[in-house]
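Structure at a glance
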Amino acid sequence: MPAIAEIQSTTLPRPARGSDLPTCPVCADTMIAAEASAYLSDNVIGHLWSCDTCGYGFVTKYVVRRIVCN
């Protein structure tokens with residue numbers, strides 16, 4: 001069965017703790033864990049998600065901000 005995937009925007013603000021799990025854009029089921037994660041560059045991490053309910057797949061990207069301590 002062929003896989004279908006899309007890349008979603010990375011500009012979304014981080015939601016409140018406990019509600020930061022993505023939902024499937026097709027059936028609205030909550031995702032628990034990404035199938036795979038990869039460093040795409042020094043400060044970007046990509047996550048591959050696949051819905052157990054409908055099989056839809058998508059990729060999210062997160063920019064990691066560096067914290068400088070004095």
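Let me begin by describing the structure that accompanies this report. All values reported here derive from a predicted model rather than from experimental measurement.

So, how was this worked out
Residues numbered from 1 in each chain as written. Predicted model: local features only at pLDDT ≥ 70, side-chain atom pairs only at ≥ 80, totals over all residues. Heavy atoms only, no water. Helix = DSSP H or I, 4+ residues; strand = E, 2+ residues; numbered from the N terminus. Contact = heavy atoms within 4.5 Å. Areas by Shrake-Rupley, 256 points an atom, 1.4 Å probe, with all protein chains shown as cover. Core = buried A, V, L, I, M, F, W, Y, C linked by side-chain atoms within 4.5 Å. Buried < 20%, exposed > 50% of the residue type's maximum accessible area, 1.4 Å probe, protein only. Pairing = 2+ DSSP bridges. Axes fitted to C-alpha atoms, helices over the stretch in contact; angles between N-to-C directions.

On to the overall build of the chain. Looking only at helices and strands, one finds 0 helices and 3 strands in the chain. Beginning at the N terminus, the succession of helices and strands in the chain can be written as β-β-β. Here the contacts in the chain between residues at least 6 apart in sequence split such that 35% fall between residues at least 24 apart. Accessible surface computed for the chain: about 5700 Å², of which carbon and sulfur atoms make up 56%.

Further remarks concern the nonpolar core. Grouped together as the largest cluster of nonpolar side chains are 6 residues: Cys24, Met31, Trp49, Cys51, Tyr56 and Phe58. Excluding residues within four positions of it along the chain, cysteine 24 makes contact with Asp29, Met31, Cys51, Cys54, Tyr56 and Phe58.

Okay, the sheet that holds strand S3 (residues 57–63) next. Through backbone hydrogen bonds, the strands of a sheet pair up, either in parallel or in antiparallel fashion. Spatially, 3 strands are ordered S1-S2-S3 in an open sheet, and the strand pairing comes out antiparallel. Edge positions in the open sheet fall to strand S1 (36–41) and S3, since each of these has one partner strand only. Direction aside, the axes of adjacent strands within the sheet are offset by 25° on average. Here S1 runs beside strand S2 (residues 44–50); their pairing, made up of 5 bridges, is antiparallel.

Take it as geometry only, folks, not as evidence of what the structure does.
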